[in-house]
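What follows is the residue order along each chain.
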Amino acid sequence: MFGKKMTLINNQEINLEELENKLGLIFKNQDLLLNALIHRSYLNESKKTKLQSNERLEFLGDSVLSFLVSGLIFEKYPDLPEGKLTFIRTFLVRTETLALLAKKLDLGKFMLMSKGEESGGGRENPLLLANCFEAVLGAIYLDREIKITASFIQKNLKPFISSISDPENLKDSKSLLQEKVQADGLSSPVYKLISSSGPDHQKTFVMGIYVNGQLLAQGTSRSKQEAEEEAAKKALENYNQKR
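Below: a short report on this structure. (Residues numbered from 1 in each chain as written. Predicted model: local features only at pLDDT ≥ 70, side-chain atom pairs only at ≥ 80, totals over all residues. Heavy atoms only, no water.)

Some thoughts on the sheet that holds strand E3 (residues 190-197)
Next up, step 1: The antiparallel open sheet is built from three strands, whose spatial order is E3-E4-E5. Here the strands that pair on one side only, and so sit at the sheet edges, are E3 and strand E5 (214-221). The mean angle between the axes of side-by-side strands here comes to 25°, regardless of whether they run parallel or antiparallel.
Next up, step 2: By the bridge criterion, seven bridges tie E3 to strand E4 (residues 204-211) in an arrangement that is antiparallel. Within the sheet, the bridge partner assigned to Ser 197 lies in E4 and is Thr 204. (Pairing = 2+ DSSP bridges. Helix = DSSP H or I, 4+ residues; strand = E, 2+ residues; numbered from the N terminus. Axes fitted to C-alpha atoms, helices over the stretch in contact; angles between N-to-C directions.)

Given below as structure tokens:
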């Protein structure tokens, strides 16, 4: 259906062969790889009615990623309890980490999006990059199944796993912030949903973090838990600066 090099209706050129080289994989079905690159905003400007956004592949990739990372760290850290493993997994699958992986693979260059989304910095948007990475992962899983997908994840996450010098002391931002505010005699942080948007199967949540009724920061992500973690990270940075 699509060649290795093509020009779509809004003159965005995609060289799938170049992307395959960056991924280190040759797709049996290149349509899957193309689908992983299509942000929903692109559909508003495209007259190709058969095109679909990457949201379904992103949904699949998110689940595959969580499963594979869980297995990877379960084997690497045989003596750590469930709580510590959860902290490590959160660090590895958070939006910031996935965006860095996407940048390393230059996914921003290949994403298909509307002109408005692009002019607004969409190709550098951490959330869009993270979403695209998960969509590409979903495409790899469908095209090459679990073994190849696992090798791809292990290869790309290796530097981040190596950066965890002391997993015993690894804590997420929510835990660190709670310790700090309680040490100052304040009440525990409270997380509240500020807004949500998008289709039911792929919503984006904005969560706010409050201490003594005051909004400290807010975070945005595809899951409430990740949005809370992002909010806690921002609040922690602000909290440390004020002290």
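Here the narrative resumes.
Some thoughts on the pattern of salt bridges
Next up, step 1: Scanning all chains against the criterion turns up seven salt bridges.
Next up, step 2: Among the salt bridges present, the one from Glu 18 reaches Lys 109, with a minimum N-O distance of 2.7 Å. With Glu 18 in helix H1 (residues 16-23) and Lys 109 in helix H6 (residues 107-110), this residue pair connects regions lying 91 residues apart in the sequence.
Next up, step 3: With its nearest N and O atoms 3.8 Å apart, the salt bridge here joins Arg 94 to Glu 96.
Next up, step 4: Accessibility expressed as a relative area gives 24% for Arg 94, which makes it partly exposed.
Next up, step 5: Judged by its relative accessible area of 36%, Glu 96 falls in the partly exposed class.
Next up, step 6: Here the salt bridges share partners, and the residues they tie into one network are Arg 94, Glu 96 and Lys 233. (Salt bridge = Lys/Arg side-chain N within 4 Å of Asp/Glu carboxyl O. Buried < 20%, exposed > 50% of the residue type's maximum accessible area, 1.4 Å probe, protein only.)

A look at the packing of helix H5 (residues 95-104) against helix H8 (residues 126-162)
Next up, step 1: Interhelical geometry of H5 versus H8 gives an angle of 75° and a closest axis separation of 6 Å. Judged by the angle between their axes, H5 and H8 are roughly perpendicular. Facing H5, whose interface residues are Thr 95, Thr 97, Leu 98, Ala 99, Leu 100, Leu 101, Ala 102 and Lys 103, H8 presents Pro 126, Leu 127, Leu 129, Ala 130, Phe 133, Glu 134, Asn 156, Leu 157 and Phe 160.
Next up, step 2: Residue composition of the contact of H5 with H8, grouped by class: twelve nonpolar, three polar and two charged. (Parallel < 35°, antiparallel > 145°, perpendicular 65-115°, else oblique. Contact = heavy atoms within 4.5 Å. Nonpolar A, V, L, I, M, F, W, Y, C, P; charged D, E, K, R; others polar.)

Things to note about helix H4 (residues 82-93)
Next up, step 1: Over its twelve residues, H4 runs 16 Å from end to end, which matches the ideal 16 Å to within 8%, given 1.5 Å per residue.
Next up, step 2: Within the span of H4, buried status applies to Lys 84, Leu 85, Thr 86, Phe 87, Ile 88, Phe 91, Leu 92 and Val 93. (Expected span 1.5 Å × (residues − 1).)

Observations concerning the packing of aromatic side chains
Next up, step 1: For the structure on display, the rule yields one aromatic pair.
Next up, step 2: On the basis of an interplanar angle of 25° and a centroid distance of 6.1 Å, the ring pair of Phe 133 and Phe 152 is categorised as stacked.
Next up, step 3: Taking the relative accessible area as the measure of exposure, Phe 152 reaches 5% and is therefore buried.
Next up, step 4: The ring of Tyr 191 is capped by Lys 174, whose NZ or CZ atom sits 4.8 Å from the centre of that ring.
Next up, step 5: The side chain of Lys 192 reaches across the aromatic face of Tyr 210, ending 5.2 Å from its centre. (Phe/Tyr/Trp six-rings, centres within 6.5 Å; stacked < 30°, edge-to-face > 60°. Lys NZ or Arg CZ within 6 Å of the ring centre and 35° of its normal.)

Some points on H5
Next up, step 1: Listing the buried residues of H5 in full gives Thr 95, Thr 97, Leu 98, Ala 99, Leu 101 and Ala 102.
Next up, step 2: The positive-phi residue at the C-terminal boundary of H5 is Asp 106, with phi of around 65°.

Here we look at the layout of surface pockets
Next up, step 1: Taken as a whole, the largest pocket encloses approximately 520 Å³ of empty space.
Next up, step 2: Taken together, 26 residues line the largest pocket, and the ones lying closest to its centre are Arg 94, Thr 95, Glu 96, Glu 230 and Lys 233.
Next up, step 3: Breaking the lining of the largest pocket down by element, the ones donating at least two residues are H4, H5, H8, helix H9 (173-183), E5 and helix H10 (224-242).
Next up, step 4: With seven residues, the top contributor of residues to the lining of the largest pocket is H10.
Next up, step 5: Here the residues of the lining of the largest pocket sort into eight nonpolar, seven polar and eleven charged.
Next up, step 6: Mapped onto the domain boundaries, the lining of the largest pocket takes at least three residues apiece from domain 1 (4-166) and domain 2 (171-239). (1 Å grid on protein atoms, 1.4 Å probe; cavity = no way out; pocket = protein on both sides within 12 Å on 5 of 7 lines; lining within 4 Å. Points joined across faces, edges and corners; volume = space filled by probe spheres on them. Domains from an automatic or database assignment.)

Focus: the pairing of E4
Next up, step 1: In terms of residue burial, E4 counts as a mostly covered element, since eight of its eight residues are buried.
Next up, step 2: Side-chain alternation along E4 places Thr 204, Val 206, Gly 208 and Tyr 210 on one buried face and Phe 205, Met 207, Ile 209 and Val 211 on a second face that is also buried.
Next up, step 3: Relative to E5, E4 is paired through seven bridges, and the arrangement is antiparallel. Within the sheet, the bridge partner assigned to Ile 209 lies in E5 and is Ala 217.

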